[in-house]
Amino acid sequence: MKRTIKKAAVLGSGIMGSRIACHLANIGVEVLLLDIIPVGLDDKEKESKKARNKIVDSSLQTAIKSNPSPLYQKSASRLIQTGNFEDDLEKIKDADWVVEVVVEKLDIKKSIFDKVEKYRTEGTLITSNTSGIPIHLMLEGRSEDFQKHFCGTHFFNPPRYLRLLEIIPTEKTDPEITDFFMHYGDLYLGKETVLCKDTPAFIANRIGVYAMMSGMHVIDKIGLTVNEVDKLTGPVIGHAKSATFRTSDLVGLDTMVNVSNNLHAALAHDESRDIFKLPKIVKELSEKNWLGDKTGQGFYKKTKKDGKTEILELNLKTLEYEAKTKAKFDVMDKTKNIEDVRERLPILLSDDGKAGEFYKQTFFDLFKYCSNRIPEIADELYRVDQAVSAGFAWEVGPFESWDALGVEQTVSKMKESGFEPAQWVSEMLEAGNNSFYKFESGKKQYYDIPTKSYKVIPGTEGLIFLDGFKENNTIWEKPGATIYDVGDGILNLEFHTKMNSIDSDVIEGINTAITTAEKDFRGVVIGNEGQNFSAGANLAMLFMYAVDQEFDEIDLMVRAFQNTMTRARFSSVPVVSAPSGLTLGGGCELSLHCDAIQAHAESYIGLVEVGVGLIPGGGGTKELTMRAADDFTAGDPELNTLQEYFMNIATAKVATSAEEARDMHILRGGDGVTLNKKRLLTDAKEKAIQLYEAGYTQPVERKDIKVQGKSALAMFGAGITGMKYGDYISEHDEKIGQKLAWIMAGGDLSEPTLVSEQYLLDLEREAFLSLCGEPKTLERIQSILFKGKPLRN
């Protein structure tokens, strides 16, 4: 049976329910969102649909207005219809999928399912979004058809942004239903869809909460402060910026207490059960009701001092709040310039100080625990890595981290420290298998414990993993960029500078990739597997030249950048950009010049140069001026269209999704969006092949771009002056705006005129060079480089 989901019903409109509804709307599904009727309605209100739907309507509006937004575009909310359980439950008969998201109490969930049985159409998918209630307990009293089409679907909060979707079937679930959700979650919802067993807390929370609790038990032994722990457990090891204690404050200590208590109670068989016992500090905070942000204080506390917000940290010994300690570890200096977390880990764990001791105890304990959970919570080790990485935003999972440290040597050190891994790990090593993962013919394989052999990870057979091409398919390499032959006549250019910023290596890589492809290949994909596509041009060199007033050098830099963008535009083979995450400044300009963009849904794209006192000087201003001219329509005044494009640059607007980037005219009609990031490079490669096979023709420079001249300058000038008098912008913002206006108007031409791309590029370069000589621009660049903060002066 071929299934599609056109309509879904979400039962429960709390934080999770409303946001699951929004994410379904993101992909074009019509959603019916239901919740209870408010208690205590008077007779008049009982007759009012608005009053009866107050809870669900309020929840949905709160979700829509929240930041970050659960929607790719606010307009998607039109697909969500609201209602209540008493008046509208019968409408679920039209749904292809009914997902229950009510409060985490088994009796309430069962009562909802009693009502669902009355109206649900036979064969309709029915699931529960639960983080811990055993799925099989929900089946009691249910019909055979219900049981056959039922499973757990555990989204992580926030559903749009956290990539994990755990699928938990029961013994009664039809395997076809399980397979459908595994496929649908991956391809349509953009999730790392992980098959879980119906065990306490499933996979991600079982391992993630264990890791957090294990770390808390270690803190007392070593004597670390709150801020020191968060320094050690955040981005430096590839974990979320909120790390340990900030995460606890955000989520709520009560949540962690409940999960830990429930796991301790449920895991009588678990050899490490005592780790889930609450540490003394957690008990004390819980008793004081210091639960984090929801109660105003937890491990951190915000206060006001001299009109400014100050963040204090809890002294774990005195339980008094103090000024945040400066977290300083010498080993961090050794790793600060290493981008790949897998290269940082061996250095961090080899440290002889408190940091190294903390890492050894927590990582070794985590490795031991994960090895002992197979086959209890998962039959295959890769599912543990997938779940934890996607659910807790870890860059690498436990077994991937173990590989990065070297399995054999790590096992030896673990045993010396009293952390004995499961027997199967020793058997794997004895058989001559020294890693949990390996690549063969570009395919990622995992160690399969029952067969003692390596197998391709299911569902990844056709996907591109750049690590799989490093050994035999590297065409060209520099410290900042690498070109791979990824098959079928396509090259992939990967950046690996800090934040994937565009430096001389990257510029050379772009030119080399295109030149090589024009000789021997069919196309080029520019993309990577990191968190960000590119944060823009490397400002450090520009700042150095600007301070020394080396304007000839800056002119050469800008010309080289513009020429490289032009090279991408006018190549004889298709060039496809594959942005994901931050795609700012020069990264956006590069994407604008490619033949096509295949963007990850979570791409945050924009021309942000105004923030550092500049204008887009690599063709970005030219490109949007050209697109504005092409976008003029008969019923739309030309200057109004131009004003919209101008404001996107002048306000340094960044799209909060790929679809919003389309609204901003960065993505065009033929550009694609990939929901699951692990499929992005594969989809981009396919787009390059399609362009080539469709008879790709080398573009030529356009000389028919209509600019408006003095009439546009007058319009821009009036707007800029109004913003200045209203104190919305500074004098320097005004100057930048005038420079930008000059380019987008085409100069002070007396009437609308057709100009060339090169004409606009020359105006861009002149304006860019001029602004590089402004002291206030240098102040802005300096603030970004040395403080990491934008300055509006």
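In this text the structure is predicted, and so the values were computed from the model without any measurement.

A tally of helices and strands in the protein chain yields 32 helices and 25 strands. Here the C-alpha atoms of the protein chain give a radius of gyration of 28 Å, agreeing with the 28 Å that 2.2 N^0.38 yields for 793 residues. Overall, the C-alpha framework of the protein chain stretches about 80 × 70 × 65 Å when taken along its three principal axes. Per-residue burial over the protein chain gives 56% buried out of 793 residues. In the protein chain, of all internal contacts separated by at least 6 residues, the share reaching a separation of at least 24 is 69%. Counting only carbon and sulfur atoms, one obtains 50% of the accessible surface of the protein chain, whose full area is about 34,000 Å².

Spatially, three strands are ordered β12-β13-β14 in an open sheet, and the strand pairing comes out antiparallel. The two strands at the open ends of the sheet, each matched to only one other strand, are β12 (437–440) and β14 (453–456). Here the strands of the sheet are splayed against their neighbours by 40° on average, with no regard to which way each runs. The pairing of strand β13 (residues 443–448) with β14 spans four bridges and is classified as antiparallel. Bridge pairing in β14 links tyrosine 446 to lysine 455.

What follows is about empty space enclosed by the protein. Applying the stated rule across the entire model yields one cavity of 30 Å³ or more. Reported here for the largest cavity is a volume of approximately 40 Å³. Taken together, Cys588, Gly606, Leu607, Leu624, Asn648, Ile649, Lys653, Met664 and Ile666 make up the lining of the largest cavity. Grouping the amino acids of the lining of the largest cavity by side-chain chemistry returns six nonpolar, two polar and one charged.

Attention now moves to the nonpolar core. By size, the foremost hydrophobic cluster in this structure holds 113 residues, and its most contacted members are Leu11, Phe299, Tyr359, Phe399, Trp424 and Phe436. Counting residues per element, this core draws most heavily on helix α9 (residues 204–222), at ten residues. For phenylalanine 399, the residues in contact, after removing those within four places along its chain, are Cys370, Ser371, Ile374, Leu381, Val384, Asp385, Trp424, Phe436 and Tyr437.

In this section: a nonpolar patch on the surface. Residues Met647, Met723 and Tyr728 make up a contiguous nonpolar surface patch of roughly 310 Å² in combined accessible area. Positionally, methionine 647 belongs in helix α26 (residues 638–650).

Calculation notes
Residues numbered from 1 in each chain as written. Predicted model: local features only at pLDDT ≥ 70, side-chain atom pairs only at ≥ 80, totals over all residues. Heavy atoms only, no water. Helix = DSSP H or I, 4+ residues; strand = E, 2+ residues; numbered from the N terminus. Rg over C-alpha atoms; globule rule 2.2 N^0.38 Å. Buried < 20%, exposed > 50% of the residue type's maximum accessible area, 1.4 Å probe, protein only. Contact = heavy atoms within 4.5 Å. Areas by Shrake-Rupley, 256 points an atom, 1.4 Å probe, with all protein chains shown as cover. Pairing = 2+ DSSP bridges. Axes fitted to C-alpha atoms, helices over the stretch in contact; angles between N-to-C directions. 1 Å grid on protein atoms, 1.4 Å probe; cavity = no way out; pocket = protein on both sides within 12 Å on 5 of 7 lines; lining within 4 Å. Points joined across faces, edges and corners; volume = space filled by probe spheres on them. Nonpolar A, V, L, I, M, F, W, Y, C, P; charged D, E, K, R; others polar. Core = buried A, V, L, I, M, F, W, Y, C linked by side-chain atoms within 4.5 Å. Patch = residues over 30% accessible without salt bridge, like charges linked within 9 Å, V, L, I, M, F, W, Y side chains within 5 Å. Salt bridge = Lys/Arg side-chain N within 4 Å of Asp/Glu carboxyl O.

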